[in-house]
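# Structural features, examined
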Amino acid sequence: MGPAVGPAAVAPYDDGPLGWGGYGSARQRAQERTGESESVVCGLARVAGVKTVLVSFEFGFLGGSLGERTGDRLVAAWDRARELRLPVVTLIATGGSRMQEGMRALTQLQRVAGRSALNRAARLPQIAVLRDPTTGGGWATLGAGADVVLALPGAQVGFAGSRVRPADADPYAYSAEGQVAAGQADAVVPPDQLRTVLGRWLRLLSPGGDGAPAADATPVARPDATAGQDEAAAAAPPEATPAGSAPPEADSATTDPAEASPATTAAPPPNALGTSGLPASGWESVCSARDARRPRAAAYLEAYFDWREEISGDRCGGTDPGIRCGFGRRDGRTIAFAAQCGTAVRPAGFRTAARLIHMADRLGIPVLTLIDTPGAANDPAAERAGAGAAIADVFAALASVRTPVTSLLIGEGGSGGALALAAPGRLWATPDSYFSVIAPEAAAAILKRAPDAVRDTADHLRIRPQDLLDLGLIRGVVSPLAPP
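Predicted, not measured: the structure shown is a model, and the values here were computed from it.

### Structural notes on the overall build of the chain
Helix and strand counts for the chain come out as 16 helices and 16 strands. Out of the 484 residues belonging to the chain, those deemed buried represent 53%. The long-range share in the chain, meaning contacts at least 24 apart out of those at least 6 apart in sequence, stands at 73%.

Here it is in structure tokens:
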């Protein structure tokens, strides 16, 4: 980042809108101690070659607290990001709103939230890095409101600061690790890996985030900057394309111009990694899909993407290892993915998938879903966690998404829990997969058939890949990649 830009001389601080005795002197000492005139420093920078608006909190300036002047700087940073069509990265370390400015300080959260909403509407990504501590309104707006939330190990993270939370509170719940475990943040990243991980995320999500050559950083215009000190505006890039866009090549699945999505080309379905032979019977297709040796989502993701990063958590208090969501790079373009891993999907997994689809849609990135589940989790805990509502969220996300979605059935397709991730009209299948309205065993039990009738029931359900094709439910059966 470039040096902070400010007036040639700083006037003595006053005691603020409340006339809080000693407040001006405290700010003066904070400036002398830190060399900064406010608790945030904003600038234009390049991370791994990707230009971004960078906002860094100075915790040494009154605990990184947010006051009116802090809000002015944050508003200017978000406005500049929108003007230049750049992502915003926040390096947060704050104790919350500045009590010496009372409600005038607290309402800065509304200003920040408003600007964040404008940048979201402009399809610009926001990435937060949680440092120690990240509490109060800074966490509830800049941190938790970001698209991707990374945290440094051991950082204190929570809405309640250490001096106001219950005396018997479990400190783990207020830690970076605890927030990731609870689905409120995506990953804990060691400091020596932060530049690399942050750069990868910026390349994946940013408009034109292709790792262009780095250039000297320049400061963002600030309310206290003098005219002509910010030269970045003269070098503003032209209107950028969505992060996941490819050359303007028509998507064969998008024929109605009124339904054309921001990313005009759908992701290609992956090649099959398992057997190439189609099953002779319905029960054979079930056994093939349930074979423990069959390739799972991890193998498909590894083969499909050059590299990728994953999000974690539903932002409602839950995570589910049975589904993997994130963004990957393939042949120079970004593709989002939501991949079921062969287990019963829990409500947190469905909500994480919906979060992924909404984010990709807003950023104009095509989506790939991999379907492999015996069905949605149906235990009491899943019901209490809102299984029905979570599945409904995914159905709604796929029904309303503008960016193209490609779906591939790679194993078990168990009822609505599998169908929730299947793009209508854009579903393919591998030879070692099946899709059924209900498991053959359950169907036989409901029909009061003998246990040995399960095989015949599987045939009656017509669940093989070739049956699905004949019924018009899939667009094709993918084949293994031919050897070179």
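After that view, the rundown keeps rolling.
### Observations regarding the pattern of salt bridges
Tallying each qualifying case throughout the model produces 28 salt bridges. In this structure, the salt-bridge partner of Asp14 is Arg27, at a minimum N-O distance of 3.5 Å. Separated by 13 residues along the polypeptide, Asp14 in the segment before helix H1 (23–34) and Arg27 in helix H1 bring together distant segments of the chain. A salt bridge links Arg290 to Glu412; its shortest N-O distance comes to 3.2 Å. Remark: Glu412 occurs in strand E13 (residues 405–414) and Arg290 occurs in helix H8 (residues 282–290); sequence separation between them is 122 residues. Since its relative accessible area comes to 33%, Arg290 is described here as partly exposed.

### Looking at unusual backbone geometry
Following Asp132, the chain continues to Pro133 via a peptide bond in cis, the omega torsion being -5°. Counting through the fold element by element, Pro133 comes out in strand E4 (residues 126–135). At Leu62, a position not held by glycine, the phi torsion is positive, near 50°. If you trace the backbone, Leu62 turns up in the loop between strand E2 (50–57) and helix H2 (68–84). For Leu62, a relative accessible area of 24% corresponds to the partly exposed category.

### Looking at the pairing of strand E11 (residues 333–340)
Burial runs high along E11: eight of the eight residues are buried. Burial of the side chains of E11 extends over both faces: Arg333, Ile335, Phe337 and Ala339 are buried on one face and Thr334, Ala336, Ala338 and Gln340 on the other. Note: strand E10 (residues 323–330) against E11, eight bridges, orientation antiparallel. Of the residues in E11, the one forming a bridge with Ile323 is Gln340.

### So, the environment of Thr134
With respect to the secondary-structure elements, Thr134 resides in strand E4. Sequence separation of Thr134 and Thr94 is 40 residues, and the distance between their C-alpha atoms is 5.2 Å. Look past the residues within four positions of Thr134 in its chain and what remains in contact with it is Ile92, Ala93, Thr94, Trp139, Gln156, Val157 and Gly158.

### Topic: the nonpolar core
Across soluble globular proteins, nonpolar side chains show a tendency to be buried alongside one another. Core analysis: the biggest nonpolar cluster contains 56 residues, and Trp201, Phe327, Leu356 and Leu421 have the highest contact counts within it. Top element by residues in this core is helix H10 (residues 347–363). It accounts for eight residues. Among the nonpolar cores identified, the runner-up in size contains 30 residues, and Cys42, Leu74, Leu109 and Ala151 belong to it.

### Section: the packing of H2 against helix H4 (residues 108–121)
Each pair of packed helices can be summarised by the angle the axes make with each other and by the distance between the axes. Look at H2 against H4: their axes get within 9 Å of each other, and the N-to-C directions meet at 5°. As the angle between them shows, H2 and H4 are arranged roughly parallel. Across the interface between the two elements, Glu68, Gly71, Asp72, Leu74, Val75, Trp78, Asp79, Ala81 and Arg82 from H2 touch Gln108, Arg111, Val112, Arg115, Ser116, Leu118 and Asn119 from H4.

### Some points on helix H5 (residues 136–143)
H5 sits mainly inside the fold: seven of its eight residues count as buried. Those residues of H5 not exposed but buried are Gly136, Gly137, Gly138, Trp139, Thr141, Leu142 and Gly143.

### Observations concerning the packing of H10 against helix H12 (residues 387–400)
For the pair H10 and H12, the least separation of the axes is 8 Å and the interaxial angle reads 20°. Relative to H12, H10 is oriented roughly parallel. Crossing geometry of H10 relative to H12 is assigned as left-handed. Judged by residue contacts, Pro347, Phe350, Arg351, Ala353, Ala354, Ile357, His358 and Asp361 of H10 engage Ala387, Ala390, Ile391, Asp393, Val394, Ala397, Leu398 and Ser400 from H12. A per-class count over the contact of H10 with H12 returns eleven nonpolar, two polar and three charged.

### Overview of H12
For the α-helix, the turn length of 3.6 residues means that residues three or four positions removed from each other point alike. With 14 residues, H12 extends 20 Å from end C-alpha to end C-alpha; this agrees with the ideal 20 Å at 1.5 Å per step. Regarding H12, the residues found buried are Ala387, Ala390, Ile391, Val394, Ala397 and Leu398. Along the long axis of H12, the arc covered by the buried residues comes to 120°, so they all point the same way. Residues of H12 that are buried make contact with H10, helix H11 (380–384), E13 and helix H13 (415–419).

Reading the values: the criteria
- Residues numbered from 1 in each chain as written.
- Predicted model: local features only at pLDDT ≥ 70, side-chain atom pairs only at ≥ 80, totals over all residues.
- Heavy atoms only, no water.
- Helix = DSSP H or I, 4+ residues; strand = E, 2+ residues; numbered from the N terminus.
- Buried < 20%, exposed > 50% of the residue type's maximum accessible area, 1.4 Å probe, protein only.
- Contact = heavy atoms within 4.5 Å.
- Salt bridge = Lys/Arg side-chain N within 4 Å of Asp/Glu carboxyl O.
- Pairing = 2+ DSSP bridges.
- Core = buried A, V, L, I, M, F, W, Y, C linked by side-chain atoms within 4.5 Å.
- Axes fitted to C-alpha atoms, helices over the stretch in contact; angles between N-to-C directions.
- Parallel < 35°, antiparallel > 145°, perpendicular 65-115°, else oblique.
- Left-handed = near helix turned anticlockwise from the far one by under 90°.
- Nonpolar A, V, L, I, M, F, W, Y, C, P; charged D, E, K, R; others polar.
- Expected span 1.5 Å × (residues − 1).
- Arc of directions from axis to C-beta.

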